Amino acid sequence: MLVSQMDEHTQGNELFVAYTYAKKMSARAIRARMLMQLPEKNEAFQRIHARVQDELNSRYGKFFPVGILKVPYGGQLHERLFSLLQENLNTDLEGDMLRIVTADSVHTERRARELRELGLDLEFRNTKEGDFYNLHSLDLTFERLPSLVKTIARKRIKDEIERERLLERAGIPSA
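Now for a look at the structure at hand.

## Overview of the packing of helix 3 (residues 76-87) against helix 4 (residues 95-102)
A packed helix pair is summarised by two numbers, namely the angle formed by the two axes and the spacing between the axes.
So, step 1. In the contact formed by helix 3 and helix 4, the axes pass within 9 Å of each other and the chain directions differ by 140°. By the angle between their directions, the pair helix 3 and helix 4 is classed as oblique. Read as a crossing pair, helix 3 and helix 4 show a hand that is right-handed. Residues Leu77, Arg80, Leu81, Leu84 and Leu85 of helix 3 pack against Met97, Leu98, Val101 and Thr102 of helix 4.

## Regarding a positive patch on the surface
So, step 1. A contiguous patch of positive charge, built from Arg110, Arg113, Arg154 and Lys155, is present on the exposed surface.
So, step 2. Of all the secondary-structure elements, those providing two or more residues to the positive patch are helix 5 (108-117) and helix 6 (145-156).

## Points about a nonpolar patch on the surface
So, step 1. A surface patch of nonpolar side chains, about 310 Å² in accessible area, is lined by Phe16, Val17 and Tyr19.
So, step 2. In this fold, Val17 is placed in helix 1 (residues 12-37).

## A word on the packing of aromatic side chains
So, step 1. For the structure on display, the rule yields two aromatic pairs.
So, step 2. Centroid distance Phe45 to Phe82: 5.4 Å. Interplanar angle 45°. Geometry classified as tilted. Placement of Phe45 in helix 2 (residues 43-60) and of Phe82 in helix 3 is noted, with a sequence separation of 37 residues between them.
So, step 3. When its relative accessible area of 0% is taken as the criterion, Phe82 is described as buried.
So, step 4. An angle of 50° between the planes, with centres 5.0 Å apart, marks the rings of Phe124 and Tyr133 as tilted.
So, step 5. By relative accessible area, which is 1% here, Tyr133 ends up buried.

## Focus: the layout of surface pockets
So, step 1. Approximately 250 Å³ is the volume attributed to the largest pocket.
So, step 2. If you trace the largest pocket, you find it lined by Thr20, Lys23, Lys24, Ala27, Arg28, Arg31, Arg99, Ile100, Ala103, Asp104 and Ser105.
So, step 3. Secondary structure elements with two or more residues in the lining of the largest pocket: helix 1 and helix 4.
So, step 4. For the lining of the largest pocket, the element with the highest residue contribution is helix 1, accounting for six residues.
So, step 5. Here the second largest pocket defines a volume of roughly 180 Å³.
So, step 6. What lines the second largest pocket is simply Leu35, Leu38, Pro39, Glu40, Lys41, Gln76, Glu79, Arg80 and Ser83.
So, step 7. When residues of the lining of the second largest pocket are assigned to their parent elements, the largest contribution, four residues, is made by helix 3.
So, step 8. Across the lining of the second largest pocket, the residue classes break down as three nonpolar, two polar and four charged.

## Notes on the nonpolar core
So, step 1. Formed by 41 residues in total, the largest nonpolar core has its most connected members in Tyr60, Phe64 and Leu85.
So, step 2. Contributing elements (two or more residues each) for this core: helix 1, helix 2, helix 3, helix 4, helix 5, strand 3 (130-135), helix 6 and helix 7 (160-169).
So, step 3. Among the elements that make up this core, the one with the highest residue count is helix 2 (six residues).
So, step 4. In this structure, Tyr60 is in contact with Leu69, Leu145, Pro146, Val149, Ala170 and Ile172, ignoring residues within four places of it in sequence.

Analysis parameters
Every chain's residues receive numbers from 1 upward, in the order its sequence appears when written. Per-residue local features of the predicted model are confined to residues with pLDDT of at least 70, and side-chain atom pairs are confined, for both listing and counting, to 80 or more; whole-chain, interface and lining totals are unaffected and use all residues. With hydrogens and water excluded, all non-hydrogen atoms of the structure serve as input to the side-chain values. Fitted lines through C-alpha atoms serve as axes, helices being fitted only where they are in contact, and the angles separating the N-to-C directions of these axes extend from 0 to 180 degrees. A run of H or I in DSSP becomes a helix once it reaches four residues, and a run of E becomes a strand once it reaches two; helices and strands are each numbered from the N terminus. Any angle that is under 35 degrees is reported as roughly parallel, and any over 145 degrees as roughly antiparallel; angles of 65 to 115 degrees are reported as roughly perpendicular and all others as oblique. Less than a right angle of anticlockwise turn of the near helix away from the far helix marks a crossing as left-handed, whereas a clockwise turn marks it as right-handed. Every residue pair with non-hydrogen atoms within 4.5 Å of one another is taken to be in contact. The patch calculation keeps residues exceeding 30% relative accessible area without a salt bridge and links them within 9 Å when they carry like charges or within 5 Å when they are nonpolar (Val, Leu, Ile, Met, Phe, Trp, Tyr). Surface accessibility follows the Shrake-Rupley procedure with a 1.4 Å probe radius. Residue values consider only the protein chains on display as shielding. Each reported salt bridge corresponds to a side-chain nitrogen of Lys or Arg within 4 Å of a carboxyl oxygen of Asp or Glu. Under the convention used here, Asp and Glu are negative, Lys and Arg are positive, and both His and the chain ends fall outside the count. Every charge is mapped onto a representative atom, which is NZ of Lys, CZ of Arg, CG of Asp or CD of Glu. For this analysis, a ring pair means two rings from Phe, Tyr or Trp (six-membered ring only for Trp) whose centres lie within 6.5 Å, classed as stacked if their planes differ by under 30 degrees, edge-to-face if by over 60, and tilted for the remaining angles. Relative accessibility under 20% of the residue-type maximum defines a buried residue, over 50% an exposed one, and the middle range a partly exposed one, all with a 1.4 Å probe and only protein chains included. In this analysis, the protein atoms alone were mapped onto a 1 Å grid. Cavities are point sets where a 1.4 Å probe fits without being able to get out; pockets are open sets with protein on both sides within 12 Å along at least five of seven lines; lining residues have an atom within 4 Å of a point. Grid points are joined across faces, edges and corners, and a volume is the space filled by probe spheres set on the points. Note on residue classes: Ala, Val, Leu, Ile, Met, Phe, Trp, Tyr, Cys and Pro are nonpolar, Asp, Glu, Lys and Arg are charged, and everything else, Gly too, is polar. In this description, a nonpolar core means a group of buried Ala, Val, Leu, Ile, Met, Phe, Trp, Tyr and Cys residues linked to one another through side-chain atoms lying within 4.5 Å.

Okay, here's the thing in structure tokens:
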């Protein structure tokens, strides 16, 4: 369709409509093909999520009411992103590839930061060639656990005074 629109008599608007349609259909087809290669459920991601939950409970469970410290970022979008990174472990992946899998050109960087907040060794680099992500290891580090607790508390405890009191009791600075 796009090629058929490319002659000297084509109006700019017609060409633009054909281009955006072709771009959208190509992205959908590539995404569908990429998703076919990723597992429906990723057991490694489920284990990582469970380990983070266990660590949260162990370190901070006694400071918060039951049910508050539920690990976020366990949805299908995070799991797909993790699966793609895991499949290409210790390899630079272009940000555009991650954006195709998540079907989101705006929030993919945030989803990657959230995976890092779970304790994954996920590096981001922005170069003149583009932006790249590299999952170096499936080993977890829990140095960002206090930040994760703050995120959870901010979302689940609406009373700011109570939230600050609980964070302080847990030894997590509010700032």
